[in-house]
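An overview of the molecular structure
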Amino acid sequence: MRKFLSVWVVFFTVSGGAQNVQEAFARIMDAQTRQPVSYATIRFKNTNKGLIANEDGSFILPKEFIDEDLTLMISSIGYATQEVRTMDLSYKYTNNIYLSPKIEVLEAVELEFRKRRKVKEADFLSAERIVRQALYAIQWNYSQNPFAYVSYYRDYQIVEGKYVNLNEAIIKTFDEGISWPSSNNKSITSALLYYRLNQEFSTDSLLLRSNYGLDKNMSDKGEVFMATPMKNELEYLKIHNPVRNFDQSTFSFIYKMNEDLIENHQFRMEKLVYRNDELLYEISFVTNNSKSPKFVGIGKIYISKKSFAIHRLDYGVYDKGGHLIDARWTAQPYGTKPEESTLESTDFDANRGNAIFEVSVNYEKRKNIMFPSYITFNNRFEYQIPVALQVTSLTFDNARKAFYVEFDKKIDPISIKRKSNYHFFYRDRKLIVKDVILFRDNTLKIPVVWKTIKNGPDSLDVKDFHYRLKNIKDIYGGTLNETETIIGYQFRELFTQEIIEDEQHPGHLKLIDSDKYLFENEINESPIDSKKYWVNSPLKAN
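First, a word on what this report is: a plain description of the structure on this page. Keep in mind the model is a prediction, meaning the values are calculated, not measured.

Definitions and limits used
- Residues numbered from 1 in each chain as written.
- Predicted model: local features only at pLDDT ≥ 70, side-chain atom pairs only at ≥ 80, totals over all residues.
- Heavy atoms only, no water.
- Core = buried A, V, L, I, M, F, W, Y, C linked by side-chain atoms within 4.5 Å.
- Buried < 20%, exposed > 50% of the residue type's maximum accessible area, 1.4 Å probe, protein only.
- Helix = DSSP H or I, 4+ residues; strand = E, 2+ residues; numbered from the N terminus.
- Contact = heavy atoms within 4.5 Å.
- Arc of directions from axis to C-beta.
- Salt bridge = Lys/Arg side-chain N within 4 Å of Asp/Glu carboxyl O.
- Pairing = 2+ DSSP bridges.

Looking at the nonpolar core
Counting residues in each nonpolar core, the largest one holds 67 residues, and the members touching the most others are I283 and I303. With six residues, the single largest contributor to this core is strand β20 (residues 369-385). Setting aside residues no more than four positions away along its own chain, I283 makes contact with A127, I130, V131, F267, R268, M269, G299, K300, I301 and I303. In this structure, V37, I42, A53 and F59 belong to the second largest nonpolar core, which totals 21 residues.

This is how it looks when you write it as structure tokens:
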């Protein structure tokens, strides 16, 4: 049942100053737990426009919408839909909007089903059979006709708990529709309408231009499959949608969803939940133990009880961390209570610290056809910071019998004193270091004992000299020839703000080149309409 909801407001501050009075800030919360409701859908009533809340439940609403006194329809799987008038939102305070959980008890539904249908327990659908039916139903539940959608897109890294390199854009995507039985026949292209590197957040030019397989790598020792990495994170996001690309290999252990999802996993019915007034099966699944001794895949899928349309798919692959996780589940008929699992946890938040990657795909129904609502994809990576301190040149002054070693940074004088850190050789003879002198702020003078070499300067060949240096530091604390590895998470997120049915690429818009970084692509000249599309930046951490 839909009803108007009173909006709670609390005072808030944002790092860097007060909130912009041109927009209102709100957060969607669970009415019982007071925890954020992630990625809730916010739609303007009687329109096909809206936005998606952030993972922490937050969203920003520009002033233009508030002044028009519109009605927001706020929904999320497992919650009753709520209506909020934009005029009730405050510019000065955080507007906390509370959603009430709405689920159906399986036993009660099963009992009523038996009374009406008079069928045996064996006739009830198992979780696996429901998933199988949902995969087959892709052909009629998703648009086979061309359509377009405008989205707020962002990608960023999280390193040491901080946002880094927040790229934000408004993207228009042209989808030729799903073809059956092969999704390869129809393409997806995108045009860049707006782009910015958000300067309110930290930036790192090296990470911004990092590439998988070079200075940035998956931290899974190559044992988890993801599609070929590329520079353009938006394109990387699109090819990792297992619903849209149901017959193409996407990632471990779903791979080709129409073939490998059921083959590689065990399924368990959890409960029935509502989305608006539609009942959905909530089904959990985990990888078979035989798939990988080191990693486990954990997922949830939400499937319409009526049409078998896939509304949402959440999936992650996690490092077992040396623990033997037993993920054996017994297939249960619909409506029966599942046996207890010995899996340590099938909760995404509980496993997040061990995540190799996580993906969440959400579709919404419009006129009985499912259209993309949002997709988020993040993976853990290891990044090799370039060598902190390096030698740029080595020369030998034969008259003074001294080496001059030049570095690319200023040297810490305290770190140079120990002579045992310097080893110089002429051919196979080791030279004795007499002293180490800071000649310039980035250059050392190192006199050596030269008793064994009697040749004049003209006969010396630089190729005959060899050296080993260690433990020398620059003034910033970097050590000679040592690299530093940092672990971070790369996020890509696309949130639909408008669906336009039966629209194809008009031809005049420049399309995004997947071989280039997003910021290298050309922005289309036509300015975006701020009354229709806007950037929903995450709240900056203090």
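Focus: helix α3 (residues 127-136)
Two residues of an α-helix separated by three or four positions point the same way, owing to the 3.6 residues in each turn. The set of residues buried in α3 consists of A127, I130, V131, A134 and L135. Projected onto a plane normal to the axis of α3, the buried residues spread over an arc of 140 degrees and lie on a single side. For α3, the elements touching its buried residues are α4 (138-141), α7 (257-263), β15 (265-275), β16 (278-287), β17 (295-304) and β18 (310-319).

Concerning the pattern of salt bridges
Tallied over the entire structure, the rule returns 25 salt bridges. Across the pair E503 and K172 runs a salt bridge, and its minimum N-O distance is 2.7 Å. In this pair, E503 is assigned in the segment after β28 (484-501) and K172 in strand β12 (residues 162-175), connecting sequence segments 331 residues apart. Residue classification places E503 among the partly exposed residues on the basis of a relative accessible area of 21%. Residue R492 pairs with E233 through a salt bridge whose shortest N-O separation is 2.5 Å. With a gap of 259 residues between them, R492 in strand β28 and E233 in helix α6 (residues 233-238) connect regions that are remote in the sequence. Of the residues examined, R492 reaches a relative accessible area of 0% and is grouped as buried. Looking at E233, the relative accessible area reads 10%, which means it is buried. Residues joined in a network through salt bridges with shared partners are K49, E498 and K532.

Some points on the pairing of β16
Look at any regular strand and the pattern is simple: side chains alternate between the two faces of the sheet. Counting buried positions along β16 gives 10 out of 10 residues, so the element sits mostly inside the fold. Alternating residues of β16 divide into E278, L280, E282, S284 and V286 and L279, Y281, I283, F285 and T287, and every residue in both groups is buried. As judged from the 10 bridges shared by β15 and β16, these two strands associate in the antiparallel manner. Counterpart to V273 in the pairing with β16 is L280. Where β16 lies against β17, seven bridges are found, and the strand directions are antiparallel. Along β17, the bridge assignment pairs Y281 with I303.

None of this, on its own, says anything about what the molecule does.
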